[in-house]
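Descriptive analysis of the structure
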Amino acid sequence: MKKIALLFILCSIHVIGQEKLKIEIDNPQPRVGQNVTFSINVDFLTDYFQNEFDKDIDFTDISSIFGIQSDKFERVIVFKKAKAYKIGPFNFKFNGQKYTTDLIEVNVLPELPMENGLWLRYTEFEGQKYLILEQLIQNQSDKKEIEDGGYSYTIGGVKSEEKEFAELNEELTAGIELSNYSSSSNTLTKKDASHFDVGFTYSIKKYKIKFDDNFNETYLITEKDFKYLPDVFDIGKIEIKK
């Protein structure tokens, strides 16, 4: 086999002849403490190893076992402070070829207060405009006694099935459509919480905004653009424009 030379140099010096790679993150405007997936496409590594393996060996991404094929290098990163970050460019050399990534700027927001609430924001990242909808719903305890005299319970409690997370309508108005490209939820508890303290269920929904070519107006988001709004909410004044 050929000798592999893989050297990562974290610097921003531009070198002529480098192949350009794109940095991606899965949250255009994360908050302090949130897990963010950082990825770079490294399909050249797949091509290299496919050529190096014996022809009678199938070289398959392990994730394809679950029906997902990926040629990306991925790691979870967590921002510890609320501020604007610059990530990249990263330059490295693999098997004699020089590579460089682009540079991205990420605006990280403070943590949310641990209270029932609904937060909507409008942001732009890498030329794409987004609406990000976050919500916290206080859980309730499911603690109960079991036959041996002990207890069973869910740490942080559970969300009431009667309460739905708010969501935005896909068509806001003529000329503006939303696509919910990512949704997730998880349980959050206060840092000093005990095992029996109930926390909150946190939901985040990220929407990409698509404008018709002839849309040139400004649109103000109101409560009619939502489903399942809580009894108390404050979405503020958010205007969308192309």
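It should be noted that the structure appears before, not after, this text.
Below or above, wherever it landed, is the structure these notes cover. (Residues numbered from 1 in each chain as written. Predicted model: local features only at pLDDT ≥ 70, side-chain atom pairs only at ≥ 80, totals over all residues. Heavy atoms only, no water.)

**A closer look at the sheet that holds strand β10 (residues 117–125)**
As a reminder of what qualifies: When DSSP finds two or more bridges between a pair of strands, those strands are recorded as paired. Put simply, DSSP H or I for four residues or longer makes a helix, DSSP E for two residues or longer makes a strand, and each gets a number counted from the N terminus. Here an axis means a line fitted to C-alpha atoms, over the contact stretch when the element is a helix, while the angle between two N-to-C directions is reported on a 0 to 180 degree scale.
Overall, antiparallel pairing links the five strands, which are arranged β10-β11-β17-β16-β15 in an open sheet. With one partner strand each, in any of the chains shown, β10 and β15 (171–173) form the two edges of the open sheet. Between one strand and the next, the sheet's axes are offset by a mean angle of 25 degrees, whatever the strand orientation. As defined by bridge partners, β15 adjoins strand β16 (residues 176–188) across two bridges and the pair is classed as antiparallel.

**Focus on the packing of aromatic side chains**
Selection rule: In summary, the pairing rule links any two rings of Phe, Tyr or Trp, Trp by its six-membered ring, whose centres are within 6.5 Å, and it sorts them by plane angle into stacked for under 30 degrees, edge-to-face for over 60 and tilted for everything else. Three exposure classes are used, based on accessible area relative to the maximum for each residue type with a 1.4 Å probe and protein chains only: buried under 20%, partly exposed in between, and exposed over 50%.
This model, assessed by the stated rule, comprises six aromatic pairs. With a centroid separation of 6.3 Å and an interplanar angle of 70 degrees, the aromatic rings of F38 and F90 are classed as edge-to-face. With F38 in strand β4 (residues 35–41) and F90 in the loop between β6 (84–87) and β7 (91–94), the pair connects residues that are 52 residues apart, well separated along the chain. The exposure class assigned to F38 is buried, which follows from its relative accessible area of 10%. Where Y130 meets Y181, the ring centres are 5.8 Å apart and the plane angle is 50 degrees; that geometry is what we call tilted. With Y130 in strand β11 (residues 128–138) and Y181 in strand β16, the pair connects residues that are 51 residues apart, well separated along the chain.

**Some remarks on helix α1 (residues 43–52)**
Cut-off, in case you're wondering: Residues are treated as being in contact if the distance between any of their heavy atoms lies within 4.5 Å.
What α1 keeps buried is the set F44, T46, Y48 and E52. Of the surrounding secondary structure, the elements contacted by the buried residues of α1 are β2 (19–21), β4, β7 and β8 (97–101).

**Re the pairing of β11**
Along β11, nine of the eleven residues are buried, which leaves the element largely enclosed by surrounding structure. Direction of pairing for β10 relative to β11: antiparallel, over a ladder of nine bridges. Counted as the bridge partner of G117 is L136 from β11. Connecting β10 to the next strand, β11, in antiparallel fashion are two residues, including E126 with a positive phi near 55 degrees. In this structure, β11 lies alongside strand β17 (residues 200–211), joined through nine bridges in antiparallel fashion. Within β17, the position partnered with L133 by the bridge is K205.

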